[in-house]
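Residue-level structural notes
Letter by letter, the chains look like this.
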Amino acid sequence: MEIKKANHIKGQIHIPGDKSISHRGVMFGAIADGTTELTGFLDGADCRSTIACFQKMGIAIKQDADHVVIQGKGLHGLTEPRNILDVGNSGTTTRLISGILSGCPFTSTLNGDASIQKRPMQRIIKPLSMMGARITSLRGNDCAPLEIKGGDLHAIHYDSPVASAQVKSAILLAGLYCDGTTSVTEPVLSRNHTELMLSGFGANVTSSGRTASIEGNPHLVGQKIQIPGDISSAAYFIAAASIVPNAELMIYNVNCNPTRDGILKVAEQMGADITYENRRKVSGEEVCDLIVRSSSLHGTTIEGDLIPTLIDEIPVIAVMAAFAEGDTIIRDAKELRVKESDRVTSVVENLNAMGADAIGTEDGMIIHGGRSMHGTQIKTYADHRIAMSFAIAGLAADGVTTFDDPDCVVISYPNFYDTLQKISS
Ligand SMILES: O=C(O)C1=C[C@@H](OP(=O)(O)O)[C@@H](O)[C@H](O)C1
Ligand SMILES: C=C(OP(=O)(O)O)C(=O)O
């Protein structure tokens, strides 16, 4: 894959389904009674890992591209898997499924690729163990592989030290298997797809500020769910249309849930030209169409409550910052260091290799924008978001940009390069 400097961007695109919502649709469908039908499902490697895990526990799931039908067996219908559950590269699969497995009276083992074996799991092991699950990190390093012996849980209130929807969701899902109310308070509110979707399936979920609560033993009923496009995937095209001259791009069907829309706020704060059309609600989620045109961007500060609303978009925001005038400061984003790669290091290293002036900090980075940028071979660290972010940088940099592992985009956006080619020239 080679990316060359683009002279303009034009067109209309539909981006693939939201990854977070796709995972949840499969998981909640599996533990609901009856049929769940998902349209707009993200046919990416991470969501396929989630499907495969539930198939191994006796759930019939048929997938045809972005259409998925799940024959749910109810809260207590999963069967003990005969083999290891392979979570692949997916942190969301690992942490959410652990919440469900904690409630199931059998033993299971989760494992995944080299990246997942380095991601921190103590953050779910601790609260799920407090609820009564017996979870062992088999190599004693608080990472996968994990062995989970579930059953006999009790409700807790948990003050989470980390703003993480994966941690919150694991606890709420385990709470389904408890008598009474389970609740989680986060330091900063994280994405709320679990709360919205579980309540659509019939659970009694309430949210008040940074606290989400769930009543145990609900009757979950299969649903028809239309999954909106992923704002984390739209982010690459929002950035591209903002930094390439002569751009006008229509992006249809973007999930703009306020717990996910930080990229839009920050892009506008940096001077991006974004028009919103056709705001609507689809299957409980806010959706809109976007028109993005070229603009001249300037630096900004990104911190605090905004961080969880754009955590996965920081790599591409950093790229925008390198093409903006002035300084961009990103702080309170220590979580970047424990994603598919250490995204402080992987972003800063690649930006500087392209000619930018970026410095990594303990919890973020500082980018002195407006330097002259040139193509290079990008080190993706097998991280889909690094590959896609630097493909966008390549569109606005001089020369040619290549990648050591371009195919890692299959995790969240298999057709990424096709769509990029279609709209840029
Ligand atoms: O719940 C989810 O679907 C996700 C939550 C976020 O992770 P954390 O919960 O670790 O912040 C995000 O980075 C990830 O891509 C998806
Ligand atoms: C962090 C991500 O996903 P996960 O945690 O599910 O691996 C991501 O998609 O950027």
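Residues numbered from 1 in each chain as written. Chains lettered and ligands numbered in written order. Predicted model: local features only at pLDDT ≥ 70, side-chain atom pairs only at ≥ 80, totals over all residues. Heavy atoms only, no water.

Moving on, we get to the nonpolar core. Within the largest apolar cluster, 78 residues are counted, with the highest numbers of intra-cluster contacts made by Phe237, Ile251, Leu351, Ile392 and Phe416. The element contributing the most residues to this core is helix 7 (residues 231–243), with 10 residues. When neighbours within four sequence positions are excluded, Ile392 is seen to be in contact with Tyr236, Ala239, Ala240, Ile243, Val316, Phe416 and Leu420. Counting residues in each nonpolar core, the second largest holds 65 residues, with Cys47, Leu78, Val87 and Ile227 among its members. (Core = buried A, V, L, I, M, F, W, Y, C linked by side-chain atoms within 4.5 Å. Buried < 20%, exposed > 50% of the residue type's maximum accessible area, 1.4 Å probe, protein only. Helix = DSSP H or I, 4+ residues; strand = E, 2+ residues; numbered from the N terminus. Contact = heavy atoms within 4.5 Å.)

Our focus in this paragraph is the site of ligand 2. Taken together, 13 residues lie near ligand 2, and Lys19, Gly91, Thr92, Arg119 and Arg385 sit nearest. Between an oxygen atom of ligand 2 and a side-chain N or O atom of Thr92, the distance comes to 2.5 Å. At 3.1 Å from an oxygen atom of ligand 2 is found a side-chain nitrogen or oxygen belonging to Glu340. The fraction of the free accessible surface of ligand 2 (300 Å²) that becomes covered by protein chains is 98%. For the shell around ligand 2, the elements supplying multiple residues, two or more each, are helix 3 (91–102) and helix 11 (384–396). (Near = heavy atom within 4 Å. Polar contact = N/O pair within 3.5 Å; in protein donor to acceptor, adjacent residues only side chain to side chain. Areas by Shrake-Rupley, 256 points an atom, 1.4 Å probe, with all protein chains shown as cover.)

The subject of this paragraph is the UniProt feature "binding site: 3-phosphoshikimate" (unreviewed entry) in the protein. With numbering aligned to this structure, UniProt lists the feature "binding site: 3-phosphoshikimate" (unreviewed entry) at Lys19, Ser20, Arg24, Ser164, Gln166, Asp312 and Lys339. Here Gln166 shows up in helix 5 (residues 165–175). Setting aside its immediate chain neighbours within four residues, Gln166 contacts Gly91, Thr92, Arg95 and Leu96. Looking at Gln166, its side chain comes within polar contact range of the side chain of Arg95, at 2.5 Å. Here Lys339 lies in the loop between strand 19 (327–330) and helix 10 (343–353). (UniProt positions renumbered as here; feature names shortened; annotations may be inferred.)

Next up on the list: the sheet that holds strand 19. Strand order in the open sheet made by the 4 strands is 18-19-21-20, with mixed pairing throughout. The open sheet terminates on both sides in strands that have one partner only, identified here as strand 18 (301–302) and strand 20 (357–361). Looking at chain direction, strand 18 and strand 19 are connected through 2 bridges and run parallel. If you follow Thr301 over to strand 19, its bridge partner there is Ile329. The strands that helix 10 touches are strand 20 and strand 21 (364–368); relative to strand 20, the one it contacts most, it runs at about 165°. (Pairing = 2+ DSSP bridges. Axes fitted to C-alpha atoms, helices over the stretch in contact; angles between N-to-C directions.)

A few words on the packing of helix 3 against helix 4 (residues 122–130). Contact geometry of helix 3 with helix 4 gives a least axis separation of 10 Å together with a crossing angle of 20°. Here helix 3 lies roughly parallel to helix 4, going by the angle between them. The hand of the helix 3/helix 4 crossing is right-handed. Facing helix 3, whose interface residues are Arg95, Ser98, Gly99 and Ser102, helix 4 presents Arg123, Ile124 and Leu128. (Parallel < 35°, antiparallel > 145°, perpendicular 65-115°, else oblique. Left-handed = near helix turned anticlockwise from the far one by under 90°.)

Attention now moves to the sheet that holds strand 6 (residues 85–88). The sheet built from 4 strands is open, its strands ordered 6-7-9-8 with mixed pairing. Looking at strand neighbours, the two that pair on one side only are strand 6 and strand 8 (134–137), the edges of this open sheet. Each neighbouring strand pair of the sheet contributes to a mean axis angle of 20°, computed without reference to strand direction. The pairing of strand 7 (residues 107–112) with strand 9 (residues 146–149) spans 4 bridges and is classified as antiparallel. Residue pairing across strands places Thr107 opposite Lys149, the latter belonging to strand 9. In the packing of helix 3 onto the sheet, the strands contacted are strand 6, strand 7, strand 8 and strand 9, and the crossing angle to strand 7 comes to about 180°.

With that settled, consider the site of ligand 1. As a matter of local geometry, ligand 1 sits amid Lys19, Ser20, Arg24, Thr92, Arg95, Ser164, Ala165, Gln166, Arg191, Ile311, Asp312 and Lys339. Between Ser20 and ligand 1, the recorded distance is 2.6 Å, taken from a side-chain N or O atom to an oxygen atom. In isolation ligand 1 offers 390 Å² of accessible surface; the protein chains occlude 94% of this area. Those elements that place two or more of their residues in the shell around ligand 1 are helix 1 (19–30), helix 3 and helix 5. A total of 3 residues in the shell around ligand 1 trace back to one element, the largest contributor, which is helix 1.

Evaluation of the coordinates by the stated rule reveals 0 disulfides. We note that Cys288 lacks a disulfide partner, and the nearest cysteine sulfur, in Cys256, lies 3.4 Å from it. Of the cysteine sulfurs around Cys408, a residue in no disulfide, the closest is that of Cys47, at 16 Å. (Disulfide = S-S within 2.5 Å.)

Take the environment of Cys178 next. Within the secondary structure, Cys178 sits in the loop between helix 5 and strand 11 (181–185). Residues Cys178 and Pro218 lie 40 residues apart in sequence; the distance between their C-alpha atoms is 9.9 Å. In this structure Cys178 touches Met131, Leu153, His154, Ala155, Gly216 and Asn217, once residues within four positions along its chain are discounted.

Here we come to the side chain of Arg123. Structurally, Arg123 can be placed in helix 4. For Arg123, a relative accessible area of 17% corresponds to the buried category. In this view, Arg123 contacts Arg95, Val162, Ser164, Val167, Glu335 and Val338; residues no more than four positions away in its chain are not counted.

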